[in-house]
Amino acid sequence: MGYPHRSHPKETPVLSKHFGDAQARTLEGWKQRGGYRALEQALGMTPADVVNVVKESGLRGRGGAGFPTGLKWSFMKPGDGKPHYLCVNADESEPGTFKDREIMRWTPHALIEGAAICAHAIGAETTYIYIRGEFTEPLRIMEAAVKEAYAAGILGANAMGKGPRIDVFVHRGAGAYICGEETALMNSIEGKRGNPRIKPPFPAAAGVFGQPTTINNVETLCAVPHILVNGAAWYKSLSLSSPKSTGTKLFSACGTIARPGNYEVTLGFPFKDFLYDLCGGPLPGRRLKAVIPGGSSVPIQTMEEAESTLMDYEGFVAKGTMLGSGGVIVFDDSVCMVRMIARLARFYAHESCAQCTQCREGTAWTTRILERIERGQGTMQDLDVLLELSENMTGKTICVLSDSCAAPIVSGIAKFKSEFEAHITGKKCPVSAAAA
Amino acid sequence: MSAHGTDAAEAYKPVFAGAVSGELDALLARYPTKMAALLPALWLVQRERGWVSPEAMVEVAERLGLTPAYVKGVVSFYTMYHTHPVGRHFIQVCTTSPCGACGAEKVVEAMLKHTGCGDLGATSPDGRFTVIEVECLGACGFATPVMVNDDFVESVTPDKVPQLLTQYK
Amino acid sequence: MPGERGGGLMADAAVVNLTIEGRAVSVPAGTSILEAARRAGVLVPHYCYHPGLPVAGVCRMCLVEVEKAPKLVPSCATAVAEGNVVHVHSPKALEARKGVLEFLLINHPLDCPICDQAGECELQDYTFREGRAEGRLGPEPKRFTPAEDFGGDVLYVTNRCILCTRCVRFMDDVAKDPVLNVSERGDRAIIGKFEGRDLTHPWAANVVDLCPVGALISKDFLHKARAWELDRTASICPNCTQGCNTMLETRDNMVVRMKPRPNAEVNHYYLCDEGRADYRWMNRADRLEAPLVKQGNGRLSAIDWESALKAAAAHLNGKRIFAVVSPMLSTESLWMLSRLVERSAGAGAFRVRRGAEAPLAGVKDLALRAERAANVRAAEIFGFVKSEHPLEGARHGDVLLLAGHELAPEDLPVLAKSHATIVIGTHLPDEAREALVAFPATNIAEEDGTFVNLRGRVQRYLQARAAPGMARPVWWSAADLLAMLGERASYFTAAEAFAAMAAARPEFAGMSYDGLGLAGAAIASAGQPAGAAR
């Protein structure tokens, strides 16, 4: 919903139903709104049955990868005698994305409930909620909610008096985007530098502390209670286009748009309606120019591409980009694309963990070239070099931060070449009045 | 948040004494290894002292059975730990592209001007403020977000800056 | 795979067949593609991978093309699969490597003219073979960070570092002392230590060997010689009983560096700091260069070998010999000396210097040993008694034979009482000037020979520099003395001397120089039959 928290009629408020409602934060308030019925139900089912319901629903990871959630849970082998772990990825650092923050601020118990159901399904006695260090308010709220849940016996040695031990601990990050990558997140929990790991081994085989682990995004887990209570068929029915994309998604709209905020729509929703209707279109006197629909790590779309996109995993791929985290960054005709892309490259250069050669050196080098072009000191050869470097940075590293840096560069040069050329040959920014 | 550096003549006082030591013990119970308590332990240090000094790194290392070199490697990876004293109020302004498109740079300028810091990373002469740019703070729809120590302030614009700063003595 | 030591294989009987660069190869399941390629005779260029260290997979040089795989795969971190068809030099793989090299070189300083690594630098090597001909870094300046003295023998030239992290993994996993870290993030990352805490681990200098470029360099070797000027000879470290395999590197007949030579049974890939630093004595110039015989006027004067041997034999004939030997003499030399002693119904002893033991925690049975000499085991095999006061027994003999023994102050009163002293050694100390005869000896750098390490492993070392003057290996002088005294002892090479010893002593039965090769073998009394070399 837009700020301040009023749903648009075309939204499908499931996770966001209680955004803005301070009462929903407390345990009592949450219960009054139907909370913890799903957990009660799940604890009465076998873990395998819970996994099957989630599989049936078609729920896919909402953090950015879109991996089928039920399938991921099924990789955790029951009865292997090893401690299983659930790590909740609340590291939300992808530029343009701010949905998990809202979920945790307004409905912390939704996350606890979803995580507890997952913990039961995968046999994990211990859950770590990894919250980025900057999210001080969500940290406070989640800690308080966890405390409430323990006091009420929902968490602890005998969850809900029914059975398994479900322990939940909040773990605070300390300023590293890369810790949102699932293996880097595990290393960070272990007290190490947030370096992504080579896969295989996969987390379900050897994850945090070397034990079988599942990592799920906040939004993903918060969908689970609804799926259990309303059924997999209900969730599957929430699909406007591709049957492989089911349910709702919180899309975070930001940038130069009239009504920035989080909007929850059914997957397959027309992107044009999203941008011009839900988000209110451009600011007065402006025209929309470009969109990065999935957080900054996916290719940039022209408005022509965006306006014909259907918002689901397959729909975005069909229009040359990806759904990613659903962080919709909108740029209008007052924004210099070269400057934005240079600033994104700087972001990736700052966040590179430094393991892989291409990422460590490439993010920094491309940033410098882009900033030089922005200043009016670039050459046409620089564009060729940028494209070649982007090629060398794609598909060759332990994680995809390197690819993410390359994506806006490649799509930016392809689709907004005139702006680059203006900086290079004209030595000035075509957007701002002053010379570059 | 306090921000005293260690006086060269003053002996280093351990952070993990008394109640804080108890907090660390509680944290250790959450993880199967001592090393996993490192990030939480460093947060305790920063809460108590305002920054993580080399002596504090040695203390944490000893408490967790690690080497100081290892602790330093971890501290230097995570940008939120300060490795030198900072102003009493540490201001972080997000300038990554979504906020950049919404005028974040003007907010930075206003901050530098009204705090008296002048330069990014410098502490103001009265020791009150340090201002830095940071990467995406995860509140892109509420541009421009600013953190002052642990306070997360949304939708800051240049004209709101003077009023905002008066809250922080 | 990641986390496992690169050289180790998973215990699995299954065999995997694959094709690498058109060559068919079969390897145990769990082998990495990079190791399988090595077995097929194909080198996959790499930096961060090392068989003695856990796999990191960070440098990205080893990316290869595997048919049907969606992306290039890091061959050091990917296990072989049945039927893999691997291309190491396909256009895609070459392009990827070229890309990595370019990224490494943009900030790498043009230090080759002043960098010790030049000539043995893997960045130079691969760039020459596969890198871009020209750099295309624009007006952007190269990153600069000052160099740092890490302490001990190690200097860190930050700008040259390619962040392969071999040094960090060595200290973490092999030395078990995590005192090196990676600091900062992104292109600001550097290797570091904690301020005020130097790199004092007794095996730390191995990081210099491990560093593929000139980022970690030896202060001892700083600007001393160029890699391409060096001759390299296989040898054994003489400085303790571990018997680490080494490479003696010489320039203009001077030993300028000692480096480890890999041996999976002894020292893996490593050499301790104390051992590798202690080579200067091999270059000593104040040497005995000719045989000396005491003349009528009481002075020693230089003379030919034949005359000197005759003079010595005359003193030794029918007399009981008490020999004080050096535990750093070769096995062949010690055997010959023991024959001299035995036939005279004499006895012998040796002193060995001791120091603190320093294990390399991550490697089984590897340490700088307390006894600081290479051939204690052989000395004991041949009946020489280890003693703090080795000259004590001299009073039971008629002639005192000092062979390589380093005189200590407490030895001098005993020495002074000796009426008949013969010295065989590399130099003649003033206190021994009363000797009747002195024979010039070669040191271990100047001869072929063998040592027996503390586990009974017999290992060869080869001659690395020319001997000074008329110096000869001790076994040769001793054999000639035996011959003068009527024994059968005629050998022209160390190999022949060794063969004779193998025929005469059950511990060495069946061994030969050819059989020992450069890897060595265990002696029979170590609980196994004399083994063939690997």
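These figures come from a predicted structure and were not determined experimentally.

By size, the foremost hydrophobic cluster in this structure holds 354 residues, and its most contacted members are A:Cys87 and A:Val88. Here A:Val88 is in contact with A:Leu111, A:Ala115, A:Thr127, A:Tyr128, A:Ile129, A:Tyr130, A:Asn216, A:Val218 and A:Leu221, once residues within four sequence places are set aside.

Residue and element names in this part refer to chain A. Domain annotation of chain A identifies domain 1 (34-236), domain 2 (248-332) and domain 3 (337-425). Each of domain 2 and domain 3 has a C-alpha centre, and these two points are 23 Å apart. Listed per partner, the contact involves nine residues of domain 2 and 10 residues of domain 3. Looking at the side of domain 2 that touches domain 3, its residues break down into six nonpolar, three polar and no charged.

Now for the environment of C:Pro178. All names here are of chain C. Here proline 178 shows up in the loop between helix 4 (166-174) and strand 8 (181-183). What makes proline 178 partly exposed here is the crowd of 18 C-beta atoms within 10 Å. A C-alpha to C-alpha distance of 53 Å links proline 178 and threonine 421, two positions 243 residues apart in sequence.

A word on the environment of C:His89. All names here are of chain C. In this structure, histidine 89 sits in the loop between strand 5 (85-87) and helix 2 (91-106). Of the residues examined, histidine 89 has 14 C-beta atoms within 10 Å and is grouped as partly exposed. Along the chain, histidine 89 and valine 42 lie 47 residues apart, while their C-alpha atoms are 10.0 Å from each other. Setting aside anything within four residues of it in sequence, one finds histidine 89 in contact with Glu21 and Leu94.

As a further point, take the packing of helix 6 (residues 108-122) of chain A against helix 7 (residues 136-151) of chain A. Residues and elements named next belong to chain A. Two numbers describe how helix 6 lies on helix 7: the axes approach to 9 Å, and their chain directions differ by 60 degrees. Comparing their axes, helix 7 and helix 6 come out oblique. With respect to the hand of their crossing, helix 6 and helix 7 are arranged in right-handed fashion. When helix 6 is examined against helix 7, the residues Pro108, His109 and Ile112 are found in contact with a partner set consisting of Ile141, Met142, Ala145, Val146 and Ala149. Split by residue class, the contact of helix 6 with helix 7 holds seven nonpolar, one polar and no charged.

This part is about the pairing of strand 23 (residues 437-440) of chain C. Walk down a regular strand and you will see the side chains alternate between the two sheet faces. All names here are of chain C. Residue alternation in strand 23 divides its side chains into two sets, Val437 and Phe439 and Ala438 and Pro440, and both sets are buried. Where strand 14 (residues 292-294) meets strand 23, two bridges bridge the pair, whose relative direction is antiparallel. Across the sheet, valine 293 pairs through a bridge with valine 437, a residue of strand 23.

Time to look at helix 2 of chain C. Here helix 2 of chain C spans 22 Å end to end across 16 residues, near enough to the 22 Å set by a 1.5 Å rise per residue. Considered for burial, the residues of helix 2 of chain C that qualify are C:Ala93, C:Ala96, C:Arg97, C:Gly99, C:Val100, C:Leu101, C:Glu102, C:Phe103, C:Leu104 and C:Ile106. In this structure, the buried side of helix 2 of chain C is in contact with helix 15 (357-374) and helix 16 (380-392) of chain A together with strand 3 (63-66), strand 5 and helix 3 (122-130) of chain C.

Calculation criteria
- Residues numbered from 1 in each chain as written.
- Chains lettered and ligands numbered in written order.
- Predicted model: local features only at pLDDT ≥ 70, side-chain atom pairs only at ≥ 80, totals over all residues.
- Core = buried A, V, L, I, M, F, W, Y, C linked by C-beta atoms within 7 Å.
- Buried ≥ 20, exposed ≤ 12 C-beta atoms within 10 Å, placed from the backbone.
- Contact = placed C-beta atoms within 7 Å.
- Domains from an automatic or database assignment.
- Nonpolar A, V, L, I, M, F, W, Y, C, P; charged D, E, K, R; others polar.
- Helix = DSSP H or I, 4+ residues; strand = E, 2+ residues; numbered from the N terminus.
- Axes fitted to C-alpha atoms, helices over the stretch in contact; angles between N-to-C directions.
- Parallel < 35°, antiparallel > 145°, perpendicular 65-115°, else oblique.
- Left-handed = near helix turned anticlockwise from the far one by under 90°.
- Pairing = 2+ DSSP bridges.
- Expected span 1.5 Å × (residues − 1).

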